[in-house]
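Commentary on secondary and tertiary structure
The residues making up each chain are set out below.
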Amino acid sequence: MKKFLFFTLFATVLISCGKKNSTMGSNDPVMDNILTRTSIRSYTDQPVEDTKIEKMLRAAMAAPTAVNKQPWHFIVVTSKEVLKSLSETNPHGGMIAKAPLAIVVCGDMNKALEGNGRDFWIQDCSAASENLLLAAHSMGLGAVWTAVYPDSERIASVSKVLELPSTLIPLNTIVIGYPAETPQPKDKWNEANITYKK
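All of the points below concern the structure found in this document. (Residues numbered from 1 in each chain as written. Predicted model: local features only at pLDDT ≥ 70, side-chain atom pairs only at ≥ 80, totals over all residues. Heavy atoms only, no water.)

Read across the open sheet, the four strands follow the order β1-β2-β4-β3; overall the sheet is antiparallel. Of all strands in the sheet, those with a lone pairing partner are β1 (72–77) and β3 (142–147), marking the two edges. Direction aside, the axes of adjacent strands within the sheet are offset by 25° on average. Bridge count for strand β2 (residues 101–108) against strand β4 (residues 168–177) is eight bridges, and the pairing is antiparallel. Its bridge partner being in β4, Ile-103 is matched across the sheet by Ile-174. Across the face of the sheet, helix α6 (residues 152–162) comes into contact with β1, β2, β3 and β4 while running at roughly 75° to β4. (Pairing = 2+ DSSP bridges. Helix = DSSP H or I, 4+ residues; strand = E, 2+ residues; numbered from the N terminus. Axes fitted to C-alpha atoms, helices over the stretch in contact; angles between N-to-C directions. Contact = heavy atoms within 4.5 Å.)

Turning next to the pairing of β2. Of all eight residues making up β2, eight are buried, and the element is well covered by its neighbours. The alternating pattern of β2 places Leu-101, Ile-103, Val-105 and Gly-107 and Ala-102, Val-104, Cys-106 and Asp-108 on opposite faces, both of which are buried. As paired strands, β1 and β2 are joined by six bridges and run antiparallel to one another. Within β2, the position partnered with Val-76 by the bridge is Ile-103. (Buried < 20%, exposed > 50% of the residue type's maximum accessible area, 1.4 Å probe, protein only.)

Bringing the pattern of salt bridges into the picture now. Under the defined criterion, the tally for this structure stands at four salt bridges. A salt bridge links Glu-88 to Lys-84, with the nearest nitrogen and oxygen atoms 2.8 Å apart. Residue Glu-88 is classed as exposed on the basis of its relative accessible area of 57%. Among the residues examined, Lys-84 registers a relative accessible area of 46% and is labelled partly exposed. Close ionic contact of Arg-154 with Asp-151 constitutes a salt bridge, the shortest N to O distance being 3.8 Å. (Salt bridge = Lys/Arg side-chain N within 4 Å of Asp/Glu carboxyl O.)

Another point: the packing of helix α2 (residues 29–36) against helix α5 (residues 120–138). Running from N to C, α2 and α5 point in directions that differ by 105°, and their axes come no closer than 9 Å. It follows that α2 is roughly perpendicular to α5 by the angle criterion. Residues Asn-33, Ile-34 and Thr-36 of α2 form the contact with α5, whose participating residues are Leu-134, His-137 and Ser-138. Classifying every residue of the contact of α2 with α5 by side-chain character gives two nonpolar, four polar and no charged. (Parallel < 35°, antiparallel > 145°, perpendicular 65-115°, else oblique. Nonpolar A, V, L, I, M, F, W, Y, C, P; charged D, E, K, R; others polar.)

Among the nonpolar cores identified, the biggest contains 49 residues, and Met-56, Phe-74, Leu-162 and Ile-176 are the most heavily contacted of them. Within the residue set of this core, elements represented by two or more residues are α3 (50–61), β1, α4 (80–87), β2, α5, β3, α6 and β4. When residues in this core are grouped by element, the largest group, seven residues, is from α5. If we ignore the near neighbours within four places in the chain, the residues touching Ile-176 are Tyr-43, Val-48, Met-56, Ala-99, Pro-100, Leu-101, Ile-103, Leu-132, Leu-141, Gly-142 and Ala-143. (Core = buried A, V, L, I, M, F, W, Y, C linked by side-chain atoms within 4.5 Å.)

Everything listed here is a matter of geometry and, on its own, says nothing about what the molecule does.
Next comes the structure, spelled out in structure tokens:
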């Protein structure tokens, strides 16, 4: 009897989840957090609390990785001088100088797979980056992903600013702060991008 009730409850939950559509306001906090996240490029002067920085990093490190290699390393930057220098490494990174925080997500080649699987670090660190962005949004922070890899000039510039060893390759700089703007999220749902094989 208990098993029957458990499976009935489980099926009810699955059915109710399946009825949720892709629009915002679904009363599903996880989906709402994903669908309402936007890129924020303007921030207040309020610093980001250490507890929130740790939560974002914990979320990042919860991402899936190939063979569980976890080939990532995170550089947390709060120094105004370093933030200004980082802003000069990217033609689209002017907002970095005005932000209270940036986290540079790097691939650690000492932890990367060998041979043909080496470049899986890019996927792994990208998954970690998305987790970080979603965690930031869930805590009322604004963030934006600014690309570094595979632009060789940006990689060299960021590496120089942060004095990175050759084994750390910067994938991106995620700029974070309390939002000073409220852009509307974009609805990117497009059935034309889907093929079903039944």
